[in-house]
Amino acid sequence: MVTVSVRDLVLRLGDRAVVDGVSADLQGGSLIGIIGPNGAGKSTLVRGMLGLLPAASGEVRIDGRAIADIAPSERAKRLAYLPQGQNLHWPLSVERLVALGRLPHMGPLSRMSDADRSAVVEAMQRTEIEHLAQRTVTELSGGERARVMMARALAVGAGGLLADEPLAALDPGHQIDMMALLDREAKQGALVVVVLHDLTMAARHCGRILLMNRGHIVADGTPEAVMTSRNLSEVYGIKAYLDHVDGVSSVIALGRG
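Residues numbered from 1 in each chain as written. Predicted model: local features only at pLDDT ≥ 70, side-chain atom pairs only at ≥ 80, totals over all residues. Heavy atoms only, no water.

Student: Residue-level account of the environment of K77, with values.
Tutor: Tracing the chain through its elements places K77 in helix 2 (residues 72–78). C-alpha separation for the pair K77 and L103, spaced 26 residues apart in sequence, amounts to 9.3 Å. Setting aside anything within four residues of it in sequence, one finds K77 in contact with P104, H105, V156, G157, A158 and G159. (Helix = DSSP H or I, 4+ residues; strand = E, 2+ residues; numbered from the N terminus. Contact = heavy atoms within 4.5 Å.)

Student: Would you mind going over the pairing of strand 7 (residues 160–164) in detail, with residue names and values included?
Tutor: Taking burial as the measure, the 5 residues of strand 7 include 5 buried ones, the bulk of the element. Burial along strand 7 is two-sided: the face carrying G160, L162 and D164 and the face carrying L161 and A163 are both buried. Two strands pair when backbone bridges link them, and strand 6 (residues 79–82) and strand 7 are joined in this way by 4 bridges, in the parallel orientation. Directly across from L79, in strand 7, lies its bridge partner G160. Pairing of strand 7 with strand 8 (residues 191–195) involves 5 bridges; the strand directions are parallel. Within strand 8, the position partnered with A163 by the bridge is V194. As for the winding sense of the linkage, the β-α-β connection from strand 7 through helix 6 (residues 172–187) to strand 8 is right-handed. (Buried < 20%, exposed > 50% of the residue type's maximum accessible area, 1.4 Å probe, protein only. Pairing = 2+ DSSP bridges. Right-handed = clockwise from strand over helix to strand, strands pointing away.)

Student: Any details on the pattern of salt bridges? Residues and values, ideally.
Tutor: Evaluated as defined, the whole model comprises 11 salt bridges. R78 serves as the salt-bridge partner of E74, at 3.3 Å between the closest nitrogen and oxygen. Residue E74 and its partner R78 are both found in helix 2; the two are separated by 4 residues, about one turn of the helix. With a shortest N-O distance of 3.4 Å, D183 and K187 are connected by a salt bridge. (Salt bridge = Lys/Arg side-chain N within 4 Å of Asp/Glu carboxyl O.)

Student: With reference to specific residues and values, describe unusual backbone geometry.
Tutor: The backbone of D63 shows a phi angle near 55°, a positive value even though the residue is not glycine. Mapping D63 onto the fold places it in the loop between strand 4 (57–62) and strand 5 (65–66). Judged by relative accessible area, which is 33%, D63 ranks as partly exposed. Within the chain, E165 stands out as a residue other than glycine whose phi angle is a positive 50°. Here E165 shows up in the loop between strand 7 and helix 6.

Taken by themselves, the reported measurements are silent on function.
Right under this line is the structure:
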């Protein structure tokens, strides 16, 4: 099981601390959601955990090792990444695109092994896209593309998956399917961290939530502990709405209904 530990992490974009003194210990077993308003530092924190942004101060450890001591190829084998807003321009087949997830396991001139091919097939089965294997990705619907990109991330075979707004541009049905898939991966022992804007989805599927605002984690715990009327009002400025729906209990009840 992959673990990620963040200690007093500061990440800067230009002269601004987008993540400012964040600490958290993350492990598998239940889906971990990161929520917060635009500009809270959610996506930046995820990129920092992957080592894609250098830390101004503090540290990130993967399985107890400082991230700076782990080669990028080794990091890619341990933590798969599903970034937001991926545009698909190359007319690759679905199968070939999913196979790109195996690159961290392959040398520059090596061919796919039987283990690589099995991982690709399994990833397509888990995301239910086997019937799309020979389709061209640029001809797929938004929901189909989202499942293909998820399959590519799963094909890595990593013990952890960090997904940044995987629900963006999906219709409600595909959003539910995507969250159910992420939830299953987490319950099978993988470390799964997902950045979300949909509070209902977070309440329904996440066992643990990190609420961020202005570069800080302002609450960390179960949905009931984190998504209180007070916390959400202060962070999102939506007190009038929460009063109207009788507080966060209604948000959570709706999510879990």
